[in-house]
Amino acid sequence: MTEAKAPLTDVKTLVARVAETNDFADLIAHVPYAKFIGMQVNRFGDELVFQLPANDDNIGNPVLPALHGGVIAGFMEMSAIMQLMVFMQTSKVPKVLDFSIDYLRAGYHKDSYAECHITRQGRRVANVHIECWQTSRKQLIATARAHFLIE
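A brief structural summary. If you're wondering where the values come from, they're calculated on a predicted model, not measured in any experiment. (Residues numbered from 1 in each chain as written. Predicted model: local features only at pLDDT ≥ 70, side-chain atom pairs only at ≥ 80, totals over all residues. Heavy atoms only, no water.)

**Observations concerning the pattern of salt bridges**
- On inspection of all chains with the given rule, the structure shows 3 salt bridges.
- The partner of Asp 26 in a salt bridge is Arg 17, and the shortest N-O contact between them spans 2.5 Å.
- Its relative accessible area of 40% is what places Arg 17 among the partly exposed residues.
- As a salt-bridge pair, Glu 115 and Arg 137 come within 2.6 Å of each other at their nearest N and O atoms. In this pair, Glu 115 sits in strand 6 (residues 112-121) while Arg 137 sits in the loop between strand 7 (125-133) and strand 8 (140-149), placing the two residues 22 residues apart along the sequence.
- You can call Glu 115 buried: its relative accessible area is 6%. (Salt bridge = Lys/Arg side-chain N within 4 Å of Asp/Glu carboxyl O. Buried < 20%, exposed > 50% of the residue type's maximum accessible area, 1.4 Å probe, protein only. Helix = DSSP H or I, 4+ residues; strand = E, 2+ residues; numbered from the N terminus.)

Written as structure tokens, this is what we have:
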């Protein structure tokens, strides 16, 4: 008999378990968009590297083929939210106040990666800088800046 996944009732407990075990599957399972695009997370010490595996459903331009810009932006936004949740041990999901993205080059149909840096953290607002690349960190496909309401 398969065990049904319990509904999310306590974000803080889920985030603490993720931070302790480094198993992000449960957190991703509770974030529908992250699950839909196939997002994954790898932890290297105090750094999180988010991965968006190549997926035909994420293609926006089949001629190149290239990722849809909305998928890239959503992936980067979800990365920043998860970064804040894990490192700040939040009890609620941070809410986006502002999100600004710069597309630097086409994101082709291959694995994409993102890394987030919390540039400022106050009591109620956090600023995050996000970088996204595919083959080389030196050749970014997009950068973003986001402000989040944290409570």
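**Quick word on the nonpolar core**
- Phe 24, Met 39, Phe 50, Phe 75, Met 76, Met 82 and Ile 130 are the most contacted members of the largest nonpolar core, which totals 39 residues.
- Contributing elements (two or more residues each) for this core: helix 1 (11-21), helix 2 (25-29), helix 3 (32-37), strand 2 (47-52), helix 4 (69-88), strand 6, strand 7 and strand 8.
- With 11 residues, helix 4 is the largest single contributor of residues to this core.
- Setting aside its immediate chain neighbours within four residues, Met 39 contacts Ile 28, Ala 34, Phe 50, Gln 51, Phe 75, Met 78, Ser 79 and Met 82. (Core = buried A, V, L, I, M, F, W, Y, C linked by side-chain atoms within 4.5 Å. Contact = heavy atoms within 4.5 Å.)

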